[in-house]
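Chain by chain, the residues run as shown.
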Number of protein chains: 2
Amino acid sequence: MPASSLEPLHQESTPSIIARKIRTAIGNGEFEPGTQLGEADLAGRLGVSRGPLREAMQRLTQEGLLISIRNRGLFVVEPTPADISDIYLTRTAVERGAALKIIELDRTGSEAGAELLAIVEKMAALGPGSDPAELSLIDLSFHEAMVRWASSKRLTRIHRTLVTETRMCLVALEQAEYSLQHRVDEHRHIAEAILAGDVPALHRALAEHMDSAIAQLLEPLADGAGTD
Amino acid sequence: MPASSLEPLHQESTPSIIARKIRTAIGNGEFEPGTQLGEADLAGRLGVSRGPLREAMQRLTQEGLLISIRNRGLFVVEPTPADISDIYLTRTAVERGAALKIIELDRTGSEAGAELLAIVEKMAALGPGSDPAELSLIDLSFHEAMVRWASSKRLTRIHRTLVTETRMCLVALEQAEYSLQHRVDEHRHIAEAILAGDVPALHRALAEHMDSAIAQLLEPLADGAGTD
DNA sequence: GGTTGTAGGATTGTTTGCATCCGACAAAAC
DNA sequence: GTTTTGTCGGATGCAAACAATCCTACAACC
């Protein structure tokens, strides 16, 4: 066996594993919004006891993916239009902070900008009418990379939750069609602003991206968005 | 009794109560950083069983207030200089997003700006050499009000955790002395920018506030801050 | 007919107990 | 004297059982 196989194994705690499994399941839309997640059922299906499962659910509840009604059970949240706006508002706040830190760390943002532009190119390489799921994957990887380059523990942790919520909304709303070209342009603007260290341009690009994303998601609902 | 007393009562869950109690205890510095929090001990002292207590600890761990070492126990985190920078970076990102939303909601930011300025005046009313704890309280209430006016569920939730972490750092570092006048000015700049709807000024004011706060906290350590 | 009271079933909330793991101390071997 | 090793105590991780609460449905009453 190679020596690499005896690195200090970090056994993940059982609640962590459970939480991750359910989180991705929700992100993939395997649990419809509004579904009740029975403890005994899930525990049996995962082969664990209710104790660790409850702790995992506790996490997901705090992350905002589930809501807990006392003596009733746990339910997958049903994002309202206000929630969708709020998710994007928060995501933009986090990503704005991340981008500013990248620029501050390295005024040219060379490495980060390069990777981000590469992702944009990969997105642009997708022809029109390509798989929407794949497009979403690349889209989110762009934002994930941006936050990662900021190397901030807290921004990264918060962003992970927000990405899951975003995926949930995308799945729930069936990912309305949206101009690929606009999308590529918006991301390119962000990447170029980081690369150039142009803070005002970054603010414009992020605001543009958030507005169009919200518009895209709220349009099919044809419902005036509340403020809360 | 007035009719307002029969709104749908939301009984808080036991883990919520426990989490809040311990959170504030940590924020108040009743548990030194690095202290081990034994489950059996705490459970006995709070009069609950280990189950609910573990769920509460799970939350606090995810919030970043505790670290869990498998089969060893739970410990209060010891914020490193890098953590302090990260906390303020994240807090600024959240508050920046909140302030921008306030401006967007109401370009004059009249109500919010008025309350914020009132808090600033209360801070200014404190003479030099006043109780540092009281000053901190007003300081944090300013930031808390700013996020509250944005009426964003997610920003509010994230901010609550960050405020706790901030308080922990302040307690741990004994709240170094800092010019009251500078502090008042910084907050006033933020409030005035919101009141005027002046976005560039807001960015400047927030950056200024973050930088001086970090400088204030890191100075006594006389240690070059890492980037992670 | 509509409302109220009451069992039934099911689910969550909590407690208790056992298994596992880690760190520390002491004893033995080199 | 130093190193290794065995054992002990305590803490967490997990699982199962008990208790309390809530929803649903049906029957009795106004």
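Refer to the preceding data block for the structure.
Note that the structure is predicted; figures quoted are calculated from it, not measured.

Trainee: For this particular structure, what's the right way to read the overall build of chain A?
Mentor: Within chain A one finds nine helices and three strands. Starting at the N terminus and ending at the C terminus, chain A contains elements arranged as α-β-α-α-β-β-α-α-α-α-α-α. Taking all 228 residues of chain A together, 49% fall into the buried category. Sequence separation of at least 24 residues holds for 74% of the intrachain contacts in chain A that already meet a minimum separation of 6. For chain A, the accessible surface area stands at approximately 11,000 Å², while carbon and sulfur atoms represent 54% of it.

Trainee: Looking at this structure, I do not really get the sheet that holds strand β2 (residues 66–69) of chain A. What am I missing?
Mentor: Backbone-to-backbone hydrogen bonds pair the strands of a sheet. The strands run either parallel or antiparallel. Strand order in the open sheet formed by three strands is β1-β3-β2 (chain A), and the pairing between neighbours is antiparallel. Two strands in the sheet have a free side with no partner beyond their single neighbour: β1 (36–37) and β2 of chain A.

Trainee: Is there a simple way to explain the relation of the copies chain A and chain B in this structure?
Mentor: It takes a turn of 180 degrees to lay chain A on chain B, together with a shift of 0.0 Å along the axis; the resulting RMSD is 0.1 Å. Overall, the copies show the geometry of a two-fold rotation axis. A share of 100% of interface residues in chain A that are also interface residues in chain B marks the association as one of identical surfaces.

Trainee: What exactly am I supposed to notice about the layout of surface pockets here?
Mentor: With a probe scaled to a water molecule rolled over the atoms, the places where space remains empty come into view. Its boundaries defined by the atoms lining it, the second largest pocket holds a volume of some 1,200 Å³. In terms of lining, the second largest pocket is formed by 42 residues, of which the most central are S16 and R59 of chain A together with Q58, T61 and S68 of chain B. Only α1 (14–27), α3 (50–63) and α7 (153–172) of chain A together with α3 (50–63), β2 (66–69), β3 (73–76), α4 (81–105) and α7 (153–172) of chain B provide two or more residues apiece to the lining of the second largest pocket. With six residues, α3 of chain B is the single largest residue contributor to the lining of the second largest pocket.

Trainee: What is the right way to look at the protein's contact with DNA strand D in this model?
Mentor: Lining the immediate environment of DNA strand D, one finds 18 residues, of which T14 and S49 of chain A together with E39, R50 and R54 of chain B sit closest. Each atom of DNA strand D within 4 Å of the protein belongs either to a base or to sugar and phosphate, the latter forming 78%. Within the backbone of S49 of chain A, an N or O atom sits 2.8 Å from a phosphate oxygen of DNA strand D. Within the side chain of R50 of chain B, a nitrogen or oxygen atom sits 3.2 Å from a base nitrogen of DNA strand D. At the level of elements, α1 and α3 of chain A together with α2 (39–46) and α3 of chain B are the ones that each hand at least two residues to the surface near DNA strand D. Classifying every residue of the surface near DNA strand D by side-chain character gives five nonpolar, seven polar and six charged.

Trainee: It is not clear to me how the pairing of β2 of chain A should be interpreted in this structure. Could you clarify?
Mentor: In regular strands, side chains alternate between the two faces of the sheet. Two elements, β2 of chain A and strand β3 (residues 73–76) of chain A, share four bridges in a ladder whose sense is antiparallel. Bridging from a neighbouring strand, L66 of chain A pairs with V76 of chain A of β3 of chain A.

Trainee: Help me out: how do you make sense of the interface of chain A and chain B in this one?
Mentor: Interface size is commonly expressed as the accessible surface area that is lost when the partners come together. With 36 residues of chain A at the contact, the number on the chain B side is 36 residues. Where chain A abuts chain B, roughly 3,500 Å² becomes buried across the two surfaces, and 46% of that area is made up of carbon and sulfur atoms. If you sort the residues of chain A by the area they bury against chain B, Q58, Q62 and R154 of chain A come out on top, with a joint share of 21%. Between D83 of chain B and K153 of chain A there is a salt bridge, with its nearest N and O atoms 3.1 Å apart. Summed over the shared surface of chain A and chain B, the number is 22 residue pairs in polar contact (both at pLDDT 80 or more). Elements that contribute at least two residues to the side of chain A that touches chain B include exactly α1, α3, α4 (81–105) and α7 of chain A. Sorting elements by how many residues they give to the side of chain A that touches chain B places α4 of chain A first, with eleven residues. Taken together, the residues of the side of chain A that touches chain B break down into nine nonpolar, twelve polar and 15 charged.

Trainee: Just to check I follow, could you spell out the sheet that holds β3 of chain B for this structure?
Mentor: Residue and element names in this part refer to chain B. Taking strand neighbours across the sheet as the criterion, the three strands line up as β1-β3-β2 in an open arrangement whose pairing is antiparallel. Bordering the open sheet on either side are β1 (36–37) and β2, each of which pairs with just one other strand. Relative to β3, β1 is paired through two bridges, and the arrangement is antiparallel. Paired with L37 across the bridge in β3 is L74.

Trainee: Explain the nonpolar core to me, please; I cannot follow it from the model alone.
Mentor: Ranked by size, the top nonpolar core spans 69 residues in total, and within it I190, I194 and L202 of chain A together with I190, I194 and L202 of chain B carry the most contacts. In this structure, L202 of chain B is in contact with A99, L100, I103, I190, A193 and I194 of chain B, ignoring residues within four places of it in sequence.

Definitions and limits used
In this numbering scheme, every chain counts its residues from 1 along its sequence in written order. Throughout, the order in which chains and ligands are written sets their labels, letters from A for the former and numbers from 1 for the latter. For a predicted model such as this one, the threshold for reporting local features is a pLDDT of at least 70, and the threshold for listing and counting side-chain atom pairs is 80 or more; totals across whole chains, interfaces and linings nevertheless cover every residue. Heavy atoms from the whole structure form the basis of all side-chain values; hydrogens and water molecules are not counted. By the criteria applied, helices consist of DSSP H or I runs no shorter than four residues and strands consist of E runs no shorter than two, each listed in order from the N terminus. Relative accessibility thresholds used throughout: buried, under 20% of the residue-type maximum; exposed, over 50%; partly exposed, between the two (1.4 Å probe, protein chains only). Throughout, a residue-residue contact means that at least one pair of heavy atoms, one from each residue, lies within 4.5 Å. Reported accessibility uses the Shrake-Rupley method at a 1.4 Å probe radius. Residues are deemed covered only where the shown protein chains occlude them. The rule for pairing is simple: two strands pair if DSSP sees at least two bridges between them. Residues below a pLDDT of 70 in either copy are left out; the C-alpha atoms of the rest, at least 70 in both, set the least-squares superposition of the copies. Put simply, the grid is 1 Å and covers the protein atoms alone, a cavity is a trapped set of points that fit a 1.4 Å probe, a pocket is an open set with protein on both sides within 12 Å along at least five of seven lines, and lining residues have an atom within 4 Å of a point. Grid points are joined across faces, edges and corners, and a volume is the space filled by probe spheres set on the points. Distances are taken per atom, and a residue is near a molecule or strand as soon as one of its heavy atoms is within 4 Å of it. Think of a polar contact as two N or O atoms within 3.5 Å of one another; within protein, one of them needs to be a possible hydrogen donor and the other a possible acceptor, and neighboring residues in sequence only count if both atoms come from side chains. Gly is put with the polar residues, along with every residue not named as nonpolar or charged; the nonpolar set is Ala, Val, Leu, Ile, Met, Phe, Trp, Tyr, Cys and Pro, and the charged set is Asp, Glu, Lys and Arg. Two parts placed together each lose some accessible area under a 1.4 Å probe, and adding up what both lose gives the buried area. We define a salt bridge as a contact between a side-chain nitrogen of Lys or Arg and a carboxyl oxygen of Asp or Glu at a distance within 4 Å. We define a nonpolar core as any set of buried Ala, Val, Leu, Ile, Met, Phe, Trp, Tyr and Cys residues linked to one another through side-chain atoms lying within 4.5 Å.

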